[in-house]
Amino acid sequence: YNPEMDNFLPIVDESETRGVEGHYITTIAEDNSGQFWLATEKTIYKYNASTNLFSKVTEVKHGTITALIFDRQDNIWIAASTNGGLNYYDQKKQKLSSFRNDATNKQSISVNEVFDIALVKDNLWIATYGGGIDLYNLNEKTFKHYFSPDNFENYATSVFTDKKNKIWICTLGALKLFDPASYN
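Below or above, wherever it landed, is the structure these notes cover. Remember, it's a predicted structure, so these values are computed and weren't measured experimentally.

1. Focus: the pairing of strand β2 (residues 36-39)
When a strand is regular, its side chains alternate between the sheet's two faces. Bridging between strand β1 (residues 27-30) and β2 involves four bridges; their strand directions are antiparallel. What sits directly across from T27, in β2, is A39. Between the end of β1 and the start of β2, which pair antiparallel, lie five residues, with G34 showing a positive phi angle near 90 degrees. Note that β2 and strand β3 (residues 43-48) share three bridges and pair antiparallel. Residue L38 lies in a different strand from β3, and its bridge partner there is Y45. Hairpin connection between β2 and β3: a loop of three residues separates the two successive antiparallel strands.

Shown next, in the form of structure tokens:
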């Protein structure tokens, strides 16, 4: 923060990229150890505090990265819009996998427009734009789809989990709440 200008100091901008290709940053995240990460449209970078530089980790093949989240093993789940789908980066194997919609497979993600993701225990909640809410169980490796008869409610823009692990979902039609504790 710069008190003289009453403004924030840039870390990455047009003149100082610090290892980031470009300066259009789509999302930031923190892993389980407190490591800072950021994403540009297609690329994920890891921050090195001692050098004040970012290093490229991986790049998605499709879409624009909209959100990052880390599972218990610090692997990265990546949401991507613009036909990007859901991606998974295994840090130990340094391997990127994609989950894409397959119209002939009901066990695939509902659509390839993913705006946001949230993780509760081993359940990845996926806000899709046009396909409702998807739930991916990390242990069983299965998708469950939640569609609404109100078409606008199938356009989810944000998903959030509170301290009680309730799932809050913003859609074009409503703010929705799901309480896993009340689900049989």
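2. Quick word on the packing of aromatic side chains
The description of two aromatic rings rests on the distance between their centres and on the angle between their planes. Under the criterion given, the structure shown has 15 aromatic pairs. For the pair F36 and Y47, a centre-to-centre distance of 6.0 Å together with 85 degrees between the ring planes defines the contact as edge-to-face. Taken together, the residues F36 in strand β2 and Y47 in strand β3 connect sequence positions eleven residues apart. A residue is classified by how much of its surface remains accessible, and F36, at 32% relative accessible area, is partly exposed. Here Y47 falls in the buried class, since its relative accessible area comes to 19%. Taking the centre distance of 5.3 Å and the plane angle of 50 degrees together, the rings of W37 and F70 count as tilted. With W37 in strand β2 and F70 in strand β5 (residues 64-70), this pair connects stretches of sequence that are 33 residues apart. Of the residues examined, W37 reaches a relative accessible area of 1% and is grouped as buried. Three or more aromatic residues joined by ring pairs form one cluster here, namely W77, Y88, F99, Y136 and F143.

3. A look at the environment of K106
Tracing the chain through its elements places K106 in the loop between β8 (95-99) and β9 (114-120). Take K106: its relative accessible area is 76%, and that puts it in the exposed class. In this structure the C-alpha to C-alpha distance between K106 and N87, which are 19 residues apart in sequence, comes to 18 Å.

4. Focus: the environment of T40
Locating T40 in the fold gives a position in the loop between β2 and β3. Residues T40 and I28, spaced twelve residues apart in sequence, show a C-alpha to C-alpha distance of 9.3 Å. Not counting chain neighbours up to four residues away, the residues in contact with T40 comprise V20, E21, Y24, I25, T26, Y45 and I65.

5. Digging into the nonpolar core
Counting residues in hydrophobic clusters, the biggest one holds 16 residues, and the most contacted among them are W77, L86, I117, L124, I126 and Y136. The set of elements that each furnish at least two residues to this core consists of β5, β6 (76-81), β7 (85-90), β9 and β10 (123-128). If near-sequence neighbours (up to four positions away) are discounted, Y136 is found in contact with W77, F99, D122, N123, L124, I126, K141, T142 and F143. With twelve residues, the next largest nonpolar core counts A39, I44, V60 and L96 among its residues.

6. Some details on the pattern of salt bridges
A pair can form between side chains of opposite charge whenever their charged atoms are brought close. The tally for this structure, following the rule as stated, stands at three salt bridges. The partner of K56 in a salt bridge is E59, and the shortest N-O contact between them spans 2.9 Å. Looking at K56, the relative accessible area reads 44%, which means it is partly exposed. Notably, a salt bridge pairs D122 with R72, separated by 4.0 Å at the nearest N-O pair. Of this pair, D122 sits in the loop between β9 and β10 while R72 sits in the loop between β5 and β6, placing them 50 residues apart in sequence.

Cut-offs and rules
Residues numbered from 1 in each chain as written. Predicted model: local features only at pLDDT ≥ 70, side-chain atom pairs only at ≥ 80, totals over all residues. Heavy atoms only, no water. Pairing = 2+ DSSP bridges. Helix = DSSP H or I, 4+ residues; strand = E, 2+ residues; numbered from the N terminus. Phe/Tyr/Trp six-rings, centres within 6.5 Å; stacked < 30°, edge-to-face > 60°. Buried < 20%, exposed > 50% of the residue type's maximum accessible area, 1.4 Å probe, protein only. Contact = heavy atoms within 4.5 Å. Core = buried A, V, L, I, M, F, W, Y, C linked by side-chain atoms within 4.5 Å. Salt bridge = Lys/Arg side-chain N within 4 Å of Asp/Glu carboxyl O.

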